[in-house]
Structures are given as C-alpha cells and as structure tokens.
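Examining the three-dimensional arrangement
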Amino acid sequence: MPEVDEIANSICEKLSSMPERAAVTLVTDVNGYFSALKGVIQHANNSNIACIYIAATIPSNVVIDQMSQSGFNLDSLYFVDCISFIVGSPRDAVNKTLYIESPTMLENIMLKVQAWLKRMKEGRKMVFLDSINTLSVHNDQKILSEFLHYLINSLRVKDISTIILSVEGQTPEDLENILKLVCDDTIDAKGGEAQAESGNSNEPSNGNP
Amino acid sequence: MSEQVSANESSVQPKDHPRCVTGIEGLDGILNGGVPVGNTVLVVGSCGTGKTTLSIEILVNGAKLGENSAYLAATEPAARVVENMRTYDFFDEKLIDDKKLVFFDLDVIYDRLGLDRAEFSYDDINALVGAIEDVVRHLNIKRIVIDSMTAISFSLKTKEKIRDFMLKLGRALSEFGCTVFLISEIPPGSVQYSVYGVEEMIADGVISLGNIEQRGYLLRTINVVKMRGTVHSRSKFVMDLTPHGIIIVPLLKTGL
C-alpha cells in the first residue's frame, strides 16, 4: 500500500468524482506539493488511468524515486520531462520518459504528449501538468495562455482529462483567469482537506450541480 | 444580388469529392478529410524537412486501407529507402510481401525505355508517362509518390517540358483514380516551391515543409499552400517525425 497522507487521500477522492474528460486546476501550497503529486498518482492507480506526467518543476527521475519509495505503482506513468536537460539531471534512454530541452519549447510539449497518446494502449488516460507556475517562470503569459487553451481542449475532444497543478500565490493573475476559463473545476488543496469548486463548467461535475 | 451569391459560394465547401485519406491525423484535419482523389500534389521542402517520410507514411496508410500504393525512387535506390523506413514502427513489411506497397527505381524504367538522362525529348516524356501509366493500370495503384520531381526536372531541362510532363502525368493517372505526390527539393529559405518555378503552377496542391526558429530553437513546420477541390487551412503547423509516425500540432502564434 502506498504511503499517503490525508491531503493526498482527499485529492484522490475529489479527482475520482470528476467526469472522465474534465479539466481540473489543482491548487496547493508549497508545503502540500508532494501530497498533491501523491494524490494525483493515487487517483491514476486506483482508477486504472494511464497518466502522462509533464515534469517541469522537478526532474522525472526524482518524481520516480520519490513515488517508488512511497510504494506507488508507476507502470502506467509516462513522462514528458522538460527540466532534466537544462539542469543536467541524468537521462535514461530506456525508461518511459520523453525529454525536451527546455520548458520554453511549448510546441514540443504538445508534440510529446501526442506522441505518448499515439503509443499508449486503449483505456482511460489523463495528462498531469506539474506545474503551471514553473512554466510561467520560463514563458510569456500570453503564449502560455495559448498553450493551455490548445492543450486542454485538444485533450478534451479525445475524452482525456487534464489536471493542472498550480501553487498558491505563484500563479500570475492572467493565468489564473485562463485556468478558470478553460478548466471545469478547481480543487483547492491548500493546507488541509481538498475542496472542489465548479469553475466554467462545460459539463456538470459529479456532485456539483 | 449576384455579387452576394458569388461571395457566399466562395466560402462554401466544394461538393463532396472522394478523398485520399492520408492517415496522418493532423493533416487530414487540415485538408478537411484528405487530398481529393486524383489530385497531383507537390510535397515541397529543403533537405531534412520530412518530405520522404511524410510521403511514405501516406503510402503505407493507404496500403493499410487496402489501396495499392507505389513509390518511384529517382534520387536514391529504392532498396535504401525501404531500409530507412524499417526504422519506423508504422512501416509494415507485410505490405510489401502482399504487393500492397511497391517500390521501383526510376533508373530501371529509364533503362528499359532507353532514355537519354542528359535531356528528355517530347517523345521521351510520352514514353515515360506511358510507362508510369502502365504501372498504375496493371497494379491498380491508387496513390503514387515520385521522389523526386526535381530529379526528373533536371532531365527535362525546360519549363515547357516540365509543364508538358506534369500535365500529361496528372491527366493520365487521374483517370485511374490515382493520387500523385511529387516531391520537390528546394534550397533552404527558397521563396518558390520548385527549382524551375513551374511545378507549383501546374500541381493541384502544394504541401510545404520547412523549419522555423521559435524562441531560440528550430521547429519543423507544415502548411498546405493550395489544394484544389477542398477547403483547407492555410495556417502553418508544427510537425514532428516520430518512430510511430508524423505528429502535427498548431504553431503557437504569440510572440511570432
């Protein structure tokens, strides 16, 4: 059994109640960052969802190490890693990671996500972006808004859910507005139990009429 | 009133035309379903832009759909092209074994016809078009790639002969419901779509492949410049060549 705390359990529970193709903003604080990752991965494990993990905050091998130590099954986790190259982190050519040279290569992120989708088997899929804050450090807000708009909607039309991690107080206001516009729900997981609030719902979320 | 009608008509989708479905997800979307069957399409780009890979993926996808497909190699031996394609997961050797996908060396056809490669006469053009037509008819080919039109043009020499060859080839193969993809090699940064500047005028469609520098890195791009018989996007898209096939996503416009 994976080691998870109350926040992770709560996030997992909220994510599990979302419709299959929902786009969700997951808001956490700095202290709850790893709990948020665990909550997302636990949700993928429990619901048997193949997850494409866009690693922009910490290198994929660190995520793999941390989550393996916590007892998670990572068989259905596929990485698009846009940070290892620039920080000189070791890159493994045989694992389930596609590398991008820089987090500024937003088109390449979209291409690599599509590349994983092309290779993955049938079944439920989701894309987890970790995190919007890191991408905003490296990219202009306007282009990042354009990227988010395309990414989320291109996945939505394929019935693939998207989870965007946002660390409280570090997301520029314009981006927060874009997230509200394109995401169906926000899960607020700051410092305690996760709370879901319906955003610009394109379809009703379960339990939130 | 009549002006209003014609203005409306210009934005209306042409009547349903059978499509040569490329099987490349983003490209069929750009083309509103695929290339109209029987069109002659120029696939243009400088070296390394993905012309051959794109064209062969279209052939492979056609063969998988049951359409016999052919590749005529004029620049490098067909055997080497096949060898290169074996590195791609979408390539299926069985299609060759089953004769759904055939590769020819144009040199062999030249030798059989006794053509002088230095410069083709109008009779040579007729003989070459006739030979390609025979291949298409006998093997019931529905999509064909000629790699490259540029190599043939070097033997045609004049704009008049290039025009003559393309018109005759397009007409002949279109009658068999065969869609033709002619590869055109251009220098990087070229402002025209062929060496002689004629091919793009005659072709029904032009698919342009290139590179663009975006925020300090190079991206492969694709855009459909023209395609008769269908409405289509004229936007530039980003393309990636992966072992699993070509992937196309929009080019982010902000900051361009």
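Everything below is about the structure printed above this text.
This section reports on the structure supplied with the text. (Residues numbered from 1 in each chain as written. Chains lettered and ligands numbered in written order. Predicted model: local features only at pLDDT ≥ 70, side-chain atom pairs only at ≥ 80, totals over all residues.)

Looking now at the interface of chain A and chain B. Each partner contributes to the interface: chain A provides 17 residues, whereas chain B provides 17 residues. For the side of chain A that touches chain B, the secondary structure elements donating two or more residues are helix H5 (106–119) and helix H7 (141–156) of chain A. Here the element with the most residues in the side of chain A that touches chain B is H5 of chain A; it accounts for 8 residues. Here the residues of the side of chain A that touches chain B sort into 8 nonpolar, 2 polar and 7 charged. (Contact = placed C-beta atoms within 7 Å. Helix = DSSP H or I, 4+ residues; strand = E, 2+ residues; numbered from the N terminus. Nonpolar A, V, L, I, M, F, W, Y, C, P; charged D, E, K, R; others polar.)

One finds Ile11, Leu26, Tyr53, Ile54, Ala55 and Val80 of chain A together with Ile144 of chain B to be the most contacted residues of the largest nonpolar core, which totals 136 residues. Beyond its immediate sequence surroundings of up to four residues, Tyr53 of chain A is in contact with Val63, Leu77, Tyr78, Phe79, Phe128 and Asp130 of chain A. (Core = buried A, V, L, I, M, F, W, Y, C linked by C-beta atoms within 7 Å. Buried ≥ 20, exposed ≤ 12 C-beta atoms within 10 Å, placed from the backbone.)

Time to look at unusual backbone geometry. Negative phi characterises most residues that are not glycine, and trans characterises most peptide bonds. The linkage connecting Asp130 of chain A with the following residue, Ser131 of chain A, adopts the cis geometry, with an omega of 0 degrees. Inspection of the secondary structure assignment puts Ser131 of chain A in the loop between strand E5 (125–130) and helix H6 (132–138). Across the junction of Asp147 of chain B and Ser148 of chain B, the peptide omega takes the value 15 degrees, indicating a cis bond. Locating Ser148 of chain B in the fold gives a position in the loop between strand E6 (141–147) and helix H8 (149–156). The phi torsion at Asn48 of chain A lies on the positive side, around 55 degrees, for a residue other than glycine. Secondary-structure assignment places Asn48 of chain A in the loop between helix H2 (33–46) and strand E2 (50–55).

Attention shifts here to the packing of H7 of chain A against helix H8 (residues 173–182) of chain A. Residue and element names in this part refer to chain A. Running from N to C, H7 and H8 cross one another at 15 degrees; their axes reach a closest spacing of 10 Å. As summarised for this structure, H7 and H8 are arranged roughly parallel, according to the angle between their axes. You can see that H7 and H8 cross each other, and the crossing is right-handed. Listed contacts from H8 to Gln141, Leu144, Ser145, Leu148, His149 and Ile152 of H7 are Asp174, Leu175, Ile178 and Val182. (Axes fitted to C-alpha atoms, helices over the stretch in contact; angles between N-to-C directions. Parallel < 35°, antiparallel > 145°, perpendicular 65-115°, else oblique. Left-handed = near helix turned anticlockwise from the far one by under 90°.)

Attention now moves to helix H9 (residues 159–174) of chain B. Relative to the 22 Å expected for 16 residues at 1.5 Å per residue, H9 of chain B spans 22 Å between its end C-alpha atoms, a close match to the ideal helical length. Looking at the buried residues of H9 of chain B, the elements they touch are strand E3 (40–45), helix H7 (122–139), E6, H8, strand E7 (179–185) and helix H10 (199–202) of chain B. (Expected span 1.5 Å × (residues − 1).)

A separate point is the pairing of E5 of chain A. Residues and elements named next belong to chain A. Of all 6 residues that make up E5, 6 are buried, and the element is covered over most of its length. Of the two faces of E5, the one holding Lys125, Val127 and Leu129 and the one holding Met126, Phe128 and Asp130 are both buried throughout. Both E2 and E5 contribute to a ladder of 6 bridges, which runs parallel. Looking at the pairing, Cys51 lines up with Met126 of E5. Across 4 bridges, the pairing between E5 and strand E6 (residues 161–167) is parallel. Bridge pairing in E6 places Met126 opposite Ser161. (Pairing = 2+ DSSP bridges.)

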